[in-house]
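# Understanding the architecture of this molecule
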Amino acid sequence: MAAIYSLYIINKSGGLIFYKDYGSAGRMDTNDSLRVASLWHSMHAISQQLSPTVGCLGIELLEADTFDLHCFQSLTGGYLNPFIYLFISVLGTKLFVVCEPGTQHMEGLLKVIYELYTDYVLKNPFYEMEMPIRCELFDINLSQAIQKDRVALLGR
């Protein structure tokens, strides 16, 4: 069983610009992944506006029978939770990883993924902002980072 089920990168408008499935069971088709990304973006934005708490950064925890959805935002620090993390960059890009309950240390992995995004996507002179990510070096280094994380999880 894979600790990480999937990775989503959403642009500031809520459009899915990258999706990678790492789980073997319950794979989603393209339309379903677009719906999940759009739904998450909408729920997150609405929760920020409807919260009675001043300065609320959105949904922090969504619990379901088969997974937990935890949120991480890195604008002014962060919030560490172990199952699904959301990382919002200054550009408004959101990264979230869907993983099995009990998975630890996702904050570090998301920081590595964001570094890969900035190094191989944003610095690519042929990449246009807000467009789907098509960068071979990003894909290769992302696969290596995910594999390295899986090996580290087995050693814990």
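About the criteria used
Residues numbered from 1 in each chain as written. Predicted model: local features only at pLDDT ≥ 70, side-chain atom pairs only at ≥ 80, totals over all residues. Heavy atoms only, no water. Helix = DSSP H or I, 4+ residues; strand = E, 2+ residues; numbered from the N terminus. Buried < 20%, exposed > 50% of the residue type's maximum accessible area, 1.4 Å probe, protein only. Contact = heavy atoms within 4.5 Å. Areas by Shrake-Rupley, 256 points an atom, 1.4 Å probe, with all protein chains shown as cover. Phe/Tyr/Trp six-rings, centres within 6.5 Å; stacked < 30°, edge-to-face > 60°. Pairing = 2+ DSSP bridges. Expected span 1.5 Å × (residues − 1). Arc of directions from axis to C-beta. pLDDT = per-residue confidence, 0-100.

### Some points on the overall build of the protein
Scanning the protein from N- to C-terminus turns up three helices and six strands. The N-to-C order of helical and strand elements in the protein reads β-β-α-β-β-β-β-α-α. Going through the 156 residues of the protein one by one, you find that 43% of them count as buried. Taking contacts inside the protein between residues at least 6 apart in sequence as the whole, the part at least 24 apart equals 45%. Entry remark: accessible area of the protein is about 8800 Å², with carbon and sulfur atoms responsible for 57%.

### Some words on the packing of aromatic side chains
Each aromatic ring pair is specified by the distance between its two centres and by the angle formed by the two planes. For the structure on display, the rule yields five aromatic pairs. Considering the side-chain rings of Y8 and F96, the 4.6 Å spacing of their centres and the 10° angle between planes classify their relative orientation as stacked. Note that Y8 is positioned in strand β1 (residues 4-10) and F96 in strand β6 (residues 94-99), a separation of 88 residues in sequence. In this structure, Y8 and F96 share a single accessibility class: buried. Both rings, one in W40 and one in F96, keep their centres 5.8 Å apart while their planes meet at 45°; by these two values the pair is tilted.

### Things to note about the pairing of strand β2 (residues 16-21)
Walk down a regular strand and you will see the side chains alternate between the two sheet faces. When β1 meets β2, the two strands line up antiparallel, connected through five bridges. Across the sheet, L7 pairs through a bridge with K20, a residue of β2. A loop of five residues connects β1 with β2, the two strands running antiparallel in sequence, and G14 in this loop sits at a positive phi of about 95°.

### Observations regarding helix α1 (residues 30-50)
With 21 residues, α1 extends 30 Å from end C-alpha to end C-alpha; this agrees with the ideal 30 Å at 1.5 Å per step. Where α1 is concerned, the buried positions are S33, A37, W40, H41, H44 and S47. With its buried residues spanning 140° around the axis, α1 presents them on a single face. Relative to its buried face, α1 has exposed residues pointing more than 90 degrees away, namely R35, L39, Q49 and L50.

### Looking at the confidence of the model for the protein
For the protein, per-residue confidence averages 78 on the pLDDT scale, and residues scoring 70 or more make up 78% of the total. Of all the helices and strands in the protein, strand β5 (residues 84-88) carries the lowest mean pLDDT, 56, while β2 carries the highest, 93.

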